[in-house]
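Tertiary structure, described
Listed below are the residues making up each chain.
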Amino acid sequence: MNTYAIWSIYRYEMARFFRTILQSFISPVISTSLYFVVFGTAIGSRIQEVEGVSYGAFIVPGLIMLSVIMQSISNASFAIYFPKFIGTIYEVLSAPVNFIEVVIGYVGAAATKSLFIGLVILGTASLFVDLSIAHPLAMLAFLVLTCVSFALMGFIIGIWAKNFEQLQLVPMLIVTPLVFLGGSFYSISMLPPVWQTITLFNPVVYLISGFRWAFFEQSDVSVALSLLAITGFTALCVGIIWLIFRTGWRLRD
Amino acid sequence: MAPILQVKNLKKTYEGGFEALKGVNLDIEEGEILALLGPNGAGKTTLISTLCGITIPTSGQATVGGYDVQHDYRAARGMIGLVPQDISLEPFEKVKNTVGLTRGLFGKRRDDALMERLLKQLSLWDKRDSKVNELSGGMKRRVLIAKALIHEPRVLFLDEPTAGVDVELRKDMWEVVADLKKQGVTIILTTHYIEEAEAIADRVAVISHGEILLIEDKDKLMSRMGRKQLKIELREPVSEVPDALKGYDLELADDGAALVYTYDTHADRTGITRLLADLSAAGIVMRDLSTRQDSLEQIFVSLVKEDAA
Ligand SMILES: Nc1ncnc2c1ncn2[C@@H]1O[C@H](COP(=O)(O)OP(=O)(O)OP(=O)(O)O)[C@@H](O)[C@H]1O
Ligand SMILES: [Mg+2]
């Protein structure tokens, strides 16, 4: 294992993050506050409680997931797309590193950044609502797994994308709807039965459900299923990346 | 000793079907400097990229230090330093960080002393904390060289390192190259400046349309260039070199309408005066005289032209 290489990529990527740390910190704080003003105050005044949890608190896990998923994808896809775009990718391709080392470096850094943002949102949210976390460790585990798996997905998108439009396409057209329809701001049980069934095909549902369970001990689907879904998704992404590096697809001519 | 770099029948066909390398064979000895010359699009960069792992060969084999560049890529790439043709550097990164990154990628512990020595040698030490986008083009090129050298490679590829670089810097670069050669580093460089190849290479290879046309010792080439030819056009054609002139290195040309005398410009006596005297003594009337000298450039141009024909 070329640990120096992993560490170098990781540190290099994190340096980019620290250069704009203030920005990275302020924007989730502001957007979270806005969500609370709009959802918590405007809608929350009509919906008092969802399954015994105040609406303001109820949306916190979904809110965190929403940002973390989007951040993980955009961080990781940009991290690998950018060197491809400016040509510095030659360095990684000609270095004595294997795909695992490259992935740990890039995806690890992207996941760290979104984990940081997730925690900032959690902190900001706790200023607005009373939050008690039933299973803090499970909460953290779900959060980390989500960061990692979606960073992996972003990494794939970054390799696949041939231009900036494509880089935005998948997050915009697929991920955003899935996340919004994944029960971020409502409980699945609030939907008509047909939609409840359809929703079960949305992988994000399992994430948010499991994550919400870690907070409030109540979930739309079983926790084991949530864990299985996210582990399966992670494994799938790793498999795809392995294949990409094996064949050199969109990386090596 | 086995060559440090061995290329066997290496072929590369790009996705669109273009055959950029048509079975390249090349052996490079440890410690030598090889100049790879060839017109635009000859396949120089493709060859280098294939050896470095940036491009996947279609068929054939290549080893660096005995390690296959595909199967033993870790060991092979670990020995290689690459200065790419295009300047690609992350614009917002500091010089020392981007140079340091490369060393890390090659699995080596950070070495501040080496960094300082290298940056000083390349006149970049004052710029170590500058961002890449604050540097001039020539400085960026030097950053690329620093990156290629920071992990102490045994084999160095320089893909047109002096393109768009001023005379001063070029001299600096050749100093660096000479220094590396002293340390036993093997260097393969591509260039369009033939004087450059003349000045520093041990061997010269010419590539065109994906094929190596010539690979030869530079000194041998130079001695070929040191020779000059005197062409003597005759009023009356002859069928063979006249007996009286058999002692000279003469050849018939233009179906006997001319004699070609080859001589060494470096010799004390070229023998021209005596030859001309003997010519008229033999009763041969000259119509015209001309001289010709091959330069590496001419050899190169005629090779490539032949190949294109
Ligand atoms: N990625 C690619 N896809 C398709 N064709 C390519 C690709 N890269 C290079 N080629 C083609 O392969 C041929 C060799 O290109 P290469 O870059 O190796 O030439 P070169 O000898 O380095 O030329 P130059 O002196 O201009 O740098 C060219 O005809 C080029 O168009
Ligand atoms: Mg080239």
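Since we're looking at a predicted model, the values are computed, not measured.

This part takes up the interface of chain B and chain A. Taken together, the contact pairs 31 residues of chain B with 25 residues of chain A. Across the chain B to chain A interface the summed buried area is about 2600 Å²; carbon plus sulfur atoms make up 56%. Our count for the contact surface shared by chain B and chain A stands at 5 salt bridges. As a salt-bridge pair, Glu90 of chain B and Arg19 of chain A come within 3.9 Å of each other at their nearest N and O atoms. Linking chain B with chain A are 14 residue pairs in polar contact (both at pLDDT 80 or more). Residue assignment for the side of chain B that touches chain A shows that the elements contributing at least two residues are α2 (73-78), α3 (95-105) and α5 (137-149) of chain B. Here the side of chain B that touches chain A gets 6 residues from one element, more than from any other, and that element is α3 of chain B. Its residues assigned to classes, the side of chain B that touches chain A comprises 14 nonpolar, 9 polar and 8 charged.

Along its sequence, chain B is carved into domain 1 (5-223) and domain 2 (227-293). With centres defined by C-alpha atoms, the gap from domain 1 of chain B to domain 2 of chain B works out at 46 Å.

Once that is clear, we can look at unusual backbone geometry. All names here are of chain B. The phi dihedral of Ser123 falls on the positive side, at around 50°, and the residue is not glycine. Relative to the elements of secondary structure, Ser123 occurs in the loop between α4 (112-121) and α5. On the basis of relative accessibility, which here comes to 43%, the residue Ser123 falls in the partly exposed class. Even without glycine at this site, Asp255 takes up a positive phi of about 55°. Position of Asp255 relative to the elements: it lies in the loop between β12 (250-253) and β13 (258-264). Assessed through its relative accessible area of 82%, Asp255 is described here as exposed.

Moving on to helix α9 (residues 203-216) of chain A. The periodicity of an α-helix, 3.6 residues per turn, causes residues three or four positions apart to be oriented the same way. Residues and elements named next belong to chain A. When the terminal C-alpha atoms of α9 are compared, their 20 Å separation across 14 residues agrees well with the 20 Å that a helix rising 1.5 Å per residue should span. Residues Val204, Val205, Tyr206, Leu207, Ile208, Ser209, Gly210, Phe211, Arg212, Ala214, Phe215 and Phe216 constitute the buried set of α9. Put simply, Asn202 is the residue that caps the front of α9, since its side-chain oxygen is 2.9 Å from the backbone nitrogen of Val204. Immediately downstream of α9, the backbone of Glu217 shows phi near 60°, a positive value.

This part is about the coordination of the magnesium ion (ligand 2). All names here are of chain B. In the first shell of the magnesium ion (ligand 2), the protein supplies Thr45 (OG1) and Gln85 (OE1), at 1.9 to 2.1 Å from the metal. Taken together, the residues Thr45 in helix α1 (residues 44-52) and Gln85 in the loop between β6 (80-83) and α3 connect sequence positions 40 residues apart. Judged by its relative accessible area of 31%, Thr45 falls in the partly exposed class. Taking the relative accessible area as the measure of exposure, Gln85 reaches 27% and is therefore partly exposed.

Analysis parameters
- Residues numbered from 1 in each chain as written.
- Chains lettered and ligands numbered in written order.
- Predicted model: local features only at pLDDT ≥ 70, side-chain atom pairs only at ≥ 80, totals over all residues.
- Heavy atoms only, no water.
- Contact = heavy atoms within 4.5 Å.
- Buried area = accessible area lost by both parts, 1.4 Å probe.
- Salt bridge = Lys/Arg side-chain N within 4 Å of Asp/Glu carboxyl O.
- Polar contact = N/O pair within 3.5 Å; in protein donor to acceptor, adjacent residues only side chain to side chain.
- Helix = DSSP H or I, 4+ residues; strand = E, 2+ residues; numbered from the N terminus.
- Nonpolar A, V, L, I, M, F, W, Y, C, P; charged D, E, K, R; others polar.
- Domains from an automatic or database assignment.
- Buried < 20%, exposed > 50% of the residue type's maximum accessible area, 1.4 Å probe, protein only.
- Expected span 1.5 Å × (residues − 1).
- Donors = N, O, S within 2.8 Å, 3.2 Å for Na, K, Ca; no water.

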